[in-house]
Amino acid sequence: MTDEEWAFFAPFLLESGAQGGRPPSDHRRVLDAVLWVTRTGSPWRDLPDELGKWNSVHRQYRRWTEAGVWDVMLSALAESEASDNTMQMIDSTIVRAHQHAAGGKGGIQRNGIGRSRGGLTTKVHTRANAEGLAVGFRLTPGQASDMTAYGDLMDEDAPDPVAMLADKGYDSDAIRDDLEGRGIEPVIPTKTNRRVQRPVCRKTYAHRNRIERFFNKIKHSRRVATRYDKLASSFLGFVQLATIRIWIRFVHTT
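Structural notes, computed from the coordinates. Here the structure is a predicted model, which is why all the values come from computation and not from measurement.

1. Description of the pairing of strand β1 (residues 87-97)
Of all 11 residues in β1, nine are buried, a share of seventy percent or more. Strand direction decides the pairing type here: β1 and strand β5 (residues 163-165), joined by three bridges, are parallel. The residue of β5 that forms the bridge with M89 is L165. The pairing of β1 with strand β3 (residues 119-128) spans eight bridges and is antiparallel. By the bridge assignment for β3, M89 is matched with A128. In this structure, β1 lies alongside strand β7 (residues 226-227), joined through two bridges in parallel fashion. Of the residues in β7, the one forming a bridge with A97 is R227.

Set out below in structure tokens:
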């Protein structure tokens, strides 16, 4: 973790440390350990000794996750001046779940894992800004429709855009009516079985590839590319951490 990254993380983590747990002076090493696990996909027990005791790091990660620290960070980034929200996009990506991800409290469906011919999978639904940087996530079992998480994504704490880009999987009257009711222009191609074909500006729609590139970037983190976590909140925390690091690099280059 660079000094620039720590400068962003520190105010959120040191403040949360006031409620108890590890002394604030240890938080940078703990976060370094969590980021190492995120990037390598390594099991917690294989954490190198120089990064701390694996069980202590894991407990602190769970405290931060349950406290919603990663959500607060993403909300702050989404509402910052660096975020271009004139145009947004929604999409989803499938993540294969490892066999060790099964067995979470409440069952696999409750923890956003589905079973199909391809095995166990989780679908990561994402709402992103004009740069393709995520401002919100929802997890569902892999076989769920893209439209399942639309309402929750739109309820995220993020500014409404002028236009919303999405693929044909989101072509429904309900979604179009909701977007128009919010004053948002839906840039969504119509399905071929529709009697009325609505035109879409190809130049505007072409920007949707940015969210596809975002999925590619977060999957460079092996803990995101394959799900090993039983709990949905733990897996989502890794997705958010990988996203925050991409956000920080974007902010420092603009």
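Picking up where we left off.
2. Looking at the packing of aromatic side chains
Counted according to the given criterion, the structure contains 10 aromatic pairs. Aromatic pair F8 and F12: ring centres 5.3 Å apart, planes at 50 degrees, arrangement tilted. Of this pair, F8 and F12 both sit in helix α1 (residues 3-16), four residues apart, roughly one helical turn. Centroid distance F137 to F214: 6.4 Å. Interplanar angle 25 degrees. Geometry classified as stacked.

3. Digging into the pattern of salt bridges
Should their charged atoms come close, side chains of opposite charge can pair. Under the counting rule described, the total for this entry stands at 16 salt bridges. Note that K123 is salt-bridged to D146, the shortest N-O span being 3.1 Å. Highlighted residues: K123 in strand β3 and D146 in the loop between β4 (134-141) and α5 (150-154), separated in sequence by 23 residues. On the basis of relative accessible area, D146 is assigned to the buried category, the value being 15%. The salt bridge involving R198 is made with E180; its shortest N-O contact spans 3.8 Å. One end of the pair, R198, is in the loop between β6 (185-187) and α7 (202-205); the other, E180, is in helix α6 (residues 173-181), and 18 residues separate them in sequence. Judged by relative accessible area, R198 falls into the partly exposed class, the value being 38%. By relative accessible area, which is 42% here, E180 ends up partly exposed.

4. Brief notes about the environment of A78
Within the secondary structure, A78 is located in helix α4 (residues 69-78). Residue classification places A78 among the buried residues on the basis of a relative accessible area of 1%. Not counting the four nearest positions on each side in its chain, A78 is found in contact with S83, N85, V135, P159 and W247.

5. Considerations on the environment of T38
Of note, T38 is situated in helix α2 (residues 27-40). Along the sequence, T38 and R223 sit 185 residues apart, while their C-alpha atoms lie 5.0 Å from each other. Those residues in contact with T38 that sit more than four places away from it in its chain are S221, R222, R223, F238, L241 and A242.

6. Points about the nonpolar core
Within the largest apolar cluster, 55 residues are counted, with the highest numbers of intra-cluster contacts made by F9, L13, L31, W70 and I244. Per-element accounting of this core gives the leading share, 12 residues, to helix α10 (residues 232-253). When near neighbours in sequence (up to four residues on either side) are disregarded, W70 contacts L13, L31, Y61, W64, T65, G237, Q240, L241 and I244.

7. Considerations on the side chain of T93
Mapped onto the elements of the fold, T93 is located in strand β1. A distance of 2.7 Å separates a polar atom in the side chain of T93 from a polar atom in the side chain of K219.

8. Here's the deal with the pairing of β3
By the criterion of burial, β3 is predominantly enclosed, with nine of the 10 residues buried. As judged from the three bridges shared by strand β2 (residues 114-116) and β3, these two strands associate in the antiparallel manner. Considered in β3, the bridge of R115 is made with L120. In textbook terms, the turn of a hairpin is the stretch between consecutive antiparallel strands, and for β2 and β3 this stretch comprises two residues.

Procedures and definitions
Residues numbered from 1 in each chain as written. Predicted model: local features only at pLDDT ≥ 70, side-chain atom pairs only at ≥ 80, totals over all residues. Heavy atoms only, no water. Buried < 20%, exposed > 50% of the residue type's maximum accessible area, 1.4 Å probe, protein only. Helix = DSSP H or I, 4+ residues; strand = E, 2+ residues; numbered from the N terminus. Pairing = 2+ DSSP bridges. Phe/Tyr/Trp six-rings, centres within 6.5 Å; stacked < 30°, edge-to-face > 60°. Salt bridge = Lys/Arg side-chain N within 4 Å of Asp/Glu carboxyl O. Contact = heavy atoms within 4.5 Å. Core = buried A, V, L, I, M, F, W, Y, C linked by side-chain atoms within 4.5 Å. Polar contact = N/O pair within 3.5 Å; in protein donor to acceptor, adjacent residues only side chain to side chain.

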